[in-house]
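The residues making up each chain are set out below.
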2 protein chains.
Amino acid sequence: MIKELLSVLMVLVALTCSIVKPNEIPIKNERVEPQTLSRGWGDQLFWAQTYEEALFWARSRNKPLMVIFHLDDCPHSQALKKAFTADREIQKLADKDFVLLNLVYETTDKHLSPDGQYVPRILFVDPSMTVRADIAGRYSNRMYAYEPSDMKLLLSNMQRAKKFLKAEL
Amino acid sequence: MIKELLSVLMVLVALTCSIVKPNEIPIKNERVEPQTLSRGWGDQLFWAQTYEEALFWARSRNKPLMVIFHLDDCPHSQALKKAFTADREIQKLADKDFVLLNLVYETTDKHLSPDGQYVPRILFVDPSMTVRADIAGRYSNRMYAYEPSDMKLLLSNMQRAKKFLKAEL
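Positions within a chain are numbered from 1, following the residues in the order the chain's sequence is written. In the order they appear in the text, chains get letters beginning with A and ligands get numbers beginning with 1. Thresholds applied to this predicted model are a pLDDT of at least 70 for local features of residues and 80 or more for the giving and counting of side-chain atom pairs; totals over whole chains, interfaces and linings are not thresholded and use all residues. Each side-chain value is worked out from all heavy atoms of the structure, with water and hydrogens disregarded.

Under an unreviewed UniProt entry, the name given to chain A is Thioredoxin domain-containing protein, and the organism recorded is Electrophorus electricus. UniProt positions are given in the numbering used here, feature names are shortened, and annotations may be inferred rather than shown by experiment. Reading the Sequence similarities (unreviewed entry) entry of the UniProt record for chain A gives the comment "Belongs to the AGR family."

J.: How do you make sense of the environment of Val-125 of chain A when you look at a structure like this?
T.: Residues and elements named next belong to chain A. In this description a helix means any DSSP run of H or I spanning at least four residues, a strand means any run of E spanning at least two, and both kinds are numbered starting from the N terminus. Position of Val-125 relative to the elements: it lies in strand 5 (residues 121-125). Taking the C-alpha atoms as reference, Val-125 lies 4.9 Å from Leu-65; in sequence the two are 60 residues apart. Residues contacting Val-125, with those up to four places away along its chain left out, are Tyr-51, Leu-55, Pro-64, Leu-65, Val-67, Leu-112, Thr-130, Val-131 and Arg-132. In what follows, a contact means two residues having at least one pair of non-hydrogen atoms within 4.5 Å.

J.: Looking at this model, I keep getting lost on the sheet that holds strand 2 (residues 65-69) of chain A. Mind explaining?
T.: Either a parallel or an antiparallel arrangement is found when strands of a sheet pair, and the pairing is made through backbone hydrogen bonds. All names here are of chain A. By the convention used here, strands pair only if DSSP detects at least 2 bridges between them. Within the open sheet, the three strands sit side by side as 3-2-5. Their pairing is mixed. Each edge of the open sheet is held by one strand with a lone partner, namely strand 3 (99-103) and strand 5. Between one strand axis and the next, the sheet turns through 20 degrees on average, direction left out of account. For strand 2 and strand 3, the ladder comprises five bridges, and the chain directions are parallel. Looking at strand 3, one finds that Ile-68 is bridged to Asn-102. Axis lines are fitted to C-alpha atoms, over the contacting stretch for helices. Their N-to-C directions set the angle, which ranges from 0 to 180 degrees.

J.: I tried to follow helix 2 (residues 51-61) of chain A on my own but got confused; where do I start?
T.: The α-helix winds at 3.6 residues per turn, so residues separated by three or four positions along the chain end up facing the same way. Residues and elements named next belong to chain A. Only protein chains enter the calculation, and the probe is 1.4 Å; a residue is then buried if its accessible area is under 20% of its type maximum, exposed if over 50%, and partly exposed in between. Burial in helix 2 covers these residues: Tyr-51, Glu-53, Ala-54, Leu-55, Phe-56, Trp-57 and Ala-58. Its buried side turned inward, helix 2 meets strand 2, strand 3 and strand 5. Trailing helix 2 by a residue or two, Asn-62 shows a phi angle of about 55 degrees, which is positive.

J.: How should I be thinking about the state of the cysteines in this particular structure?
T.: Disulfides are covalent bonds that link the sulfur atoms of two cysteine residues. Residue and element names in this part refer to chain A. The disulfide definition used here is simple: a pair of cysteine sulfur atoms within 2.5 Å. This model, assessed by the stated rule, comprises two disulfides over all chains. Note that Cys-17 is cross-linked by a disulfide to Cys-74, the S-S spacing being 2.1 Å. Disulfide Cys-17-Cys-74: the torsion about the S-S bond is 80 degrees, which places it as right-handed. Placement of the pair is Cys-17 in strand 1 (residues 17-18) and Cys-74 in the loop between strand 2 and helix 3 (75-86), with a sequence separation of 57 residues. Assigned by exposure class, Cys-17 and Cys-74 land together as buried.

J.: Help me understand the sheet that holds strand 5 (residues 121-125) of chain B, please; the structure alone is not making it clear to me.
T.: Residues and elements named next belong to chain B. Across the sheet, three strands lie side by side as 3-2-5; this open sheet has mixed pairing. Every other strand in the sheet has two partners, leaving strand 3 (99-103) and strand 5 as the edge strands with one partner each. Neighbour to neighbour, the strand axes of the sheet diverge by 20 degrees on average, direction disregarded. Note: strand 2 (residues 65-69) against strand 5, five bridges, orientation antiparallel. Residue pairing for strand 5: Val-67 is matched across the bridge by Leu-123. Of the strands in this sheet, strand 2, strand 3 and strand 5 touch helix 2 (residues 51-61), which is tilted by about 165 degrees from strand 3.

J.: Sorry if this is basic, but what is going on with the packing of helix 4 (residues 88-97) of chain B against helix 5 (residues 151-161) of chain B here?
T.: When two helices pack together, you describe them by how their axes are tilted relative to each other and by the distance separating the axes. All names here are of chain B. Look at helix 4 against helix 5: their axes get within 10 Å of each other, and the N-to-C directions meet at 20 degrees. In terms of axis orientation, helix 4 runs roughly parallel to helix 5. Pair helix 4 / helix 5 crosses with left-handed handedness. Facing Glu-89, Ile-90, Leu-93 and Ala-94 of helix 4, the residues of helix 5 in contact are Met-151, Leu-154, Leu-155, Met-158 and Gln-159. The nonpolar class holds Ala, Val, Leu, Ile, Met, Phe, Trp, Tyr, Cys and Pro. Asp, Glu, Lys and Arg form the charged class, and all remaining residues, Gly among them, are polar. When grouped by side-chain class, the residues that make up the contact of helix 4 with helix 5 number seven nonpolar, one polar and one charged. Orientation is classified from the angle alone, with under 35 degrees giving roughly parallel, over 145 giving roughly antiparallel, 65 to 115 giving roughly perpendicular, and any other angle giving oblique. By definition, turning the near helix anticlockwise from the far helix through less than a right angle yields a left-handed crossing, and turning it clockwise yields a right-handed one.

What follows is the structure, encoded as structure tokens:
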């Protein structure tokens, strides 16, 4: 049991990045590409810019919100991004049924970090504005982390998020 | 005096847009351009995504933050954007000495709407995290609104924002 626990912990240490902020704005070349709201998580999807905007869309469109916390210099975030954008079913469902937000900075809403601030992590928010802390990944101490191999679980969690809290009551 | 007041009020009615949110996410064409963080206010500038991110950069880089509230479907915002991007001195100063954020949704920080929520409006925030409500435009009932003809005043206000509060004490 202890061995199992240790092996799970080792996976998790390797799986997520702590949030250590860079202290320099990237130095610009002569001509830089405009920064995109998608940050590479699906240029063809419609991304909200801020949490406030995303909540507005979720409420007014009656769609669940999917919040992806990530960092450009975190290899685990980058690996997840690659798997996320390559998965057609996820991209299609995200496009059709979700309000999307990806963030490289934490918000002031502590409900978005039920078990701490780390990346990558994915949280769902119900259109009733409730953070769905019950929809988690497979790792016990970083509950909202996903690995590239977890795309089936992520897809099934997206489908769970589509079943609204109100309907479940 | 009353006549003057009335004429100022008329200008102001024409100058800014009320914030009425659309209730539809834009319908996508087959292939859409990725949304940019600049939203057309200067693709070559470095834009923060959220207020939290912008405050982080302002503090860590010791630079004032310039927050531009605007809307895509507000003609006054569009006219100001055109003047803002065409003004080389403003673009240069913004690039060199400011942390930049443009928002189409309000934040939860009421300090960013000292005299109400309207667009376009521009607020400065000191690196000490204080909103510079003292740095205003020329209109008495929409203090943080600017017209395209106000670019000289905006430039001079940017220069004022560079004189930090701590240094003034």
